[in-house]
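What follows is each chain in one-letter form.
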Amino acid sequence: QVQLVESGGGLVQAGGSLRLSCAASGRSFSSYRMGWFRQAPGKEREFVAAISWSGGSTYYADSVKGRFTISRDNAKNTVYLKMDSLKPEDTAVYYCAADVRPSARYTTGYDYWGQGTQVTVSS
């Protein structure tokens, strides 16, 4: 159906920046809501950001608002997460996800998930 592959994670110092990419394969990628989630060690997965199929609507968790930017390039079947002003508490495995039937609840209900990419922010 849909395959998602994240890249761009790594080790960065606090205050630094990274850009994550998620390359998708799927016939209807352009119609999917795409999201980013993260899971820190010992914690549950949490919503980070989401973007509508057209890119016209974006949503962010309060913890990253003003620091992270989600975008997509439908011609490249790719969604991005630009992360600025990174903090140690941003350390987590970051996952991209696709929602094939978007609802008003943009933080949940995603159907396909990537394998994750590790982001580590040092003090």
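Above: the structure in question.
For clarity, every value in this text was computed on a predicted model and none was experimentally measured.

J.: How should I be thinking about the overall build of the protein in this particular structure?
T.: Scanning the protein for helices and strands turns up zero helices and 11 strands. Listed by position from the N terminus, the elements making up the protein come as β-β-β-β-β-β-β-β-β-β-β. In terms of overall dimensions, the protein is globule-like: its C-alpha atoms have a radius of gyration of 13 Å, near the 14 Å expected for 123 residues. Principal axes of the C-alpha set define a box for the protein whose edges measure 40 × 25 × 25 Å. Burial statistics for the protein: of 123 residues in total, 42% are counted as buried.

J.: Looking at this model, I keep getting lost on the state of the cysteines. Mind explaining?
T.: Cysteine pairs can be covalently joined through their sulfur atoms, and such a bond is termed a disulfide. All told, the structure shown has one disulfide when counted by the stated rule. The side chain of C22 participates in a disulfide bridge whose partner is C96; the two sulfur atoms lie 1.9 Å from each other. Negative torsions about the S-S bond denote left-handed disulfides, and the value of about 50 degrees found for C22 with C96 makes this one right-handed. Of the two residues, C22 is situated in strand β3 (residues 18-25) and C96 in strand β9 (residues 92-99); the sequence distance between them amounts to 74 residues. There is no split in this pair, since C22 and C96 are both buried.

J.: Whenever I open this one, the packing of aromatic side chains confuses me. Can you help?
T.: What characterises a pair of aromatic rings is the spacing of the ring centres plus the angle enclosed by the ring planes. Going through the model one piece at a time under the given rule, you end up with six aromatic pairs. Judged by centre distance (5.1 Å) and plane angle (80 degrees), the rings of F37 and Y110 are edge-to-face. Of this pair, F37 sits in strand β4 (residues 33-39) while Y110 sits in the loop between β9 and β10 (112-113), and the two are 73 residues apart along the sequence. Across this residue pair, the class does not change: F37 and Y110 are buried.

J.: Just to check I follow, could you spell out the sheet that holds strand β1 (residues 3-7) for this structure?
T.: One key point about sheets: their strands pair by backbone hydrogen bonds, in either a parallel or an antiparallel sense. Read across the open sheet, the four strands follow the order β1-β3-β8-β7; overall the sheet is antiparallel. Single-partner strands in this sheet number two, and they are β1 and β7 (68-73). In this sheet, adjacent strand axes meet at a mean angle of 15 degrees when their direction is disregarded. Alignment of β1 against β3, held across five bridges, turns out to be antiparallel. Bridge assignment links Q3 to a residue of β3, and that residue is S25.

J.: Please explain the pattern of salt bridges as it appears in this structure.
T.: Between side chains of opposite charge, pairing is possible as soon as their charged atoms come close. Summed over the entire model, instances satisfying the criterion amount to six salt bridges. Across the pair D62 and K65 runs a salt bridge, and its minimum N-O distance is 3.4 Å. For the pair D62 and K65, one class covers both residues: exposed. With a closest N to O distance of 2.7 Å, R67 and D90 form a salt bridge. Residue R67 is found in the loop between β6 (58-60) and β7, and its partner D90 is found in the loop between β8 (78-83) and β9; the two are separated by 23 residues along the sequence. Among the charged side chains, a network of salt bridges with common partners joins R38, E46, R67 and D90.

J.: I'm lost on the side chain of S52 in this one. Help?
T.: On the secondary structure map, S52 appears in the loop between β5 (46-51) and β6. Exposure remark for S52: the relative accessible area of 14% places this residue in the buried category.

Conventions used here
- Residues numbered from 1 in each chain as written.
- Predicted model: local features only at pLDDT ≥ 70, side-chain atom pairs only at ≥ 80, totals over all residues.
- Heavy atoms only, no water.
- Helix = DSSP H or I, 4+ residues; strand = E, 2+ residues; numbered from the N terminus.
- Rg over C-alpha atoms; globule rule 2.2 N^0.38 Å.
- Buried < 20%, exposed > 50% of the residue type's maximum accessible area, 1.4 Å probe, protein only.
- Disulfide = S-S within 2.5 Å.
- Phe/Tyr/Trp six-rings, centres within 6.5 Å; stacked < 30°, edge-to-face > 60°.
- Pairing = 2+ DSSP bridges.
- Axes fitted to C-alpha atoms, helices over the stretch in contact; angles between N-to-C directions.
- Salt bridge = Lys/Arg side-chain N within 4 Å of Asp/Glu carboxyl O.

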